[in-house]
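Given next are the chains, with one letter for each unit.
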Amino acid sequence: MTADGPDGVPPLHLPRRTRTLLYGALLLLVAAVVAALAIGPGTTLAPLLAVAPVLAGATTRRARVPLLVGAAALLAVGLLESANAELPLSVRISVPVTVLASTLASAASVVLVAARERELFQVRTVAEAAQRALLRPPPERIGPLRVAVRYVAAAAEARIGGDLYAVVETRFGVRILLADVQGHGLPAVETAADVLGVFREAARTEADPGRLAERLDAALTARPDGDRFATAVLLDVAPDRGPVQVVNCGHPAPLLRRAGLVSELEPPFPAPPLGLRGLTGDSYPARRFDPEPGDLLLLHTDGVSEARDADGRFYPLAERLPGLHGGSPADLLDALLTDVGGWVGADGLADDAAVLAVRWEP
């Protein structure tokens, strides 16, 4: 994100419909001035010129623009009144005062909006920095793997939420985490930061992926707000192209696309989300599968699988995945998110979404 506007304010981009409305209002204003000249003595449409600085203020974040337009409107009022000597004195006084008041109010509004946008821009910039620090982009290629990840916030103003991912290369192989923390807002972000910190440390010291999941569960349980939990999927990719271990902690099952067919990698038996293991005492079992060259494994949060169209139908991820094409995992994820966007329509996603794709190269 860059700030190319005045004083660190991002440039103003008006939607096409808004520009059309503003142009229409400008044409009406010009028509009113022409009509004022044609009406003749005794009447005037000059008060409509008070709209000019308001229109100017809607198209800029610089206060001098409505001030200059207001000055031009005052000049036009003077010319119209000089050409119409029969106007009452009250009209001759009230019209320029109205234009002047409108000009000053429009300039003040531009200053206020620019200040608020500058503050919002700074907040979003900090949020982007926090996202880069927490959700570090993985390398595109790790050994035999090609990896890509995408994160989409449900709110346009948001930059980070409770969905998280991490890819760590260790002496045990490549460890991959995709998780979804319960809740929203800053508490979810704080929990996500804790989970990522523990994972990046434990992934380098804990050989067994099931024990790694237990470490994450213990970290969540030890938090002051111990009632928060997270669903998660852990991948343990051996460095020698051996079997891949998948640990599912109450998360949507990963999807394996092989030779154009898609299957779910369900866990051996259901396991609780991270932070809730104490309620059941169950362990976190690992499912193994043998990857083949060209296999693609897709990890996702429920922001994708539970995306709804206008009729309330869930996005059929397993059905749509075989038809999505891309030259790389990154291209595939871009195609997937475009397809999801078309499914949900103008309403957009109701929840944050994170997707991570891993492909085994020859």
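That block above? That's the structure.
The notes below deal with the structure included here. (Residues numbered from 1 in each chain as written. Predicted model: local features only at pLDDT ≥ 70, side-chain atom pairs only at ≥ 80, totals over all residues. Heavy atoms only, no water.)

Turning to the overall build of the protein chain, a few remarks are in order. Tallying secondary structure elements over the protein chain gives 10 helices and 11 strands in all. Within the protein chain, buried positions represent 44% of all 362 residues. Considering only contacts within the protein chain whose residues lie at least 6 apart along the sequence, 68% involve residues at least 24 apart. As displayed, the protein chain offers around 18000 Å² of accessible surface, 59% of which is attributable to carbon and sulfur atoms. (Helix = DSSP H or I, 4+ residues; strand = E, 2+ residues; numbered from the N terminus. Buried < 20%, exposed > 50% of the residue type's maximum accessible area, 1.4 Å probe, protein only. Contact = heavy atoms within 4.5 Å. Areas by Shrake-Rupley, 256 points an atom, 1.4 Å probe, with all protein chains shown as cover.)

Let us look at the environment of arginine 171. Tracing the sequence through the fold places arginine 171 in the loop between strand 3 (163-170) and strand 4 (173-181). Residue classification places arginine 171 among the exposed residues on the basis of a relative accessible area of 66%. When the C-alpha atoms of arginine 171 and proline 239 are compared, they prove to be 8.1 Å apart, with 68 residues separating the residues in sequence. The residues touching arginine 171, leaving out its near neighbours within four places in the chain, are Arg204 and Thr205.

The subject of this paragraph is the nonpolar core. Core analysis: the largest hydrophobic core is formed by 51 residues, its most contacted members being Leu164, Leu177, Phe199 and Leu356. Ignoring sequence-local partners within four residues, the contact set of leucine 177 consists of Leu164, Tyr165, Ala166, Val195, Phe199, Leu216, Ala232, Val233 and Leu234. Counting residues in hydrophobic clusters, the runner-up holds 20 residues, among them Leu298, Leu321, Leu333 and Ala357. (Core = buried A, V, L, I, M, F, W, Y, C linked by side-chain atoms within 4.5 Å.)

We now examine the pairing of strand 2 (residues 145-152). Summarising burial for strand 2: 6 of the 8 residues are buried, a large majority. As defined by bridge partners, strand 1 (residues 141-142) adjoins strand 2 across 2 bridges and the pair is classed as antiparallel. Note on strand 2: the bridge partner recorded for isoleucine 142 is leucine 145. (Pairing = 2+ DSSP bridges.)

Here we come to a nonpolar patch on the surface. There is a patch of nonpolar side chains on the surface, built from Leu26, Val30 and Val34 and spanning about 260 Å² of accessible area. With respect to the element layout, valine 34 can be found in helix 1 (residues 16-39). (Patch = residues over 30% accessible without salt bridge, like charges linked within 9 Å, V, L, I, M, F, W, Y side chains within 5 Å. Salt bridge = Lys/Arg side-chain N within 4 Å of Asp/Glu carboxyl O.)

With that settled, consider the sheet that holds strand 5 (residues 230-237). Sheet strands pair by backbone hydrogen bonding; their relative direction is either parallel or antiparallel. With antiparallel pairing, the 5 strands of this open sheet are ordered in space as 3-4-5-6-9. In this open sheet, the two strands that pair with only one neighbour each are strand 3 and strand 9 (286-289). Across this sheet, the average inter-strand angle for adjacent strands is 15°, counted without regard to direction. The sheet contact formed by strand 5 and strand 6 (residues 244-249) spans 5 bridges and is antiparallel. Across the sheet, residue leucine 235 finds its bridge partner in strand 6, namely valine 246. (Axes fitted to C-alpha atoms, helices over the stretch in contact; angles between N-to-C directions.)

Now for the packing of aromatic side chains. Scanning all chains against the criterion turns up 2 aromatic pairs. A ring pair is formed by phenylalanine 289 and tryptophan 360, whose centres lie 5.9 Å apart and whose planes are at 85°; its orientation type is edge-to-face. Of this pair, phenylalanine 289 sits in strand 9 while tryptophan 360 is found in strand 11 (residues 353-360), placing the two residues 71 residues apart along the sequence. The same class applies to phenylalanine 289 and to tryptophan 360, which are both buried. (Phe/Tyr/Trp six-rings, centres within 6.5 Å; stacked < 30°, edge-to-face > 60°.)

Moving on: the sheet that holds strand 1. The 6 strands lie next to each other as 1-2-11-10-7-8, forming an open sheet whose pairing is antiparallel. Each of the sheet's edge strands pairs with one partner strand only, and the pair in question is strand 1 and strand 8 (261-264). Both strand 7 (residues 255-258) and strand 10 (residues 296-300) contribute to a ladder of 3 bridges, which runs antiparallel. Among the inter-strand pairings, leucine 256 is bridged to a residue of strand 10, identified as leucine 297. Sitting on the sheet, helix 10 (residues 329-344) touches strand 2, strand 7, strand 10 and strand 11, and the angle it makes with strand 2 is about 30°.

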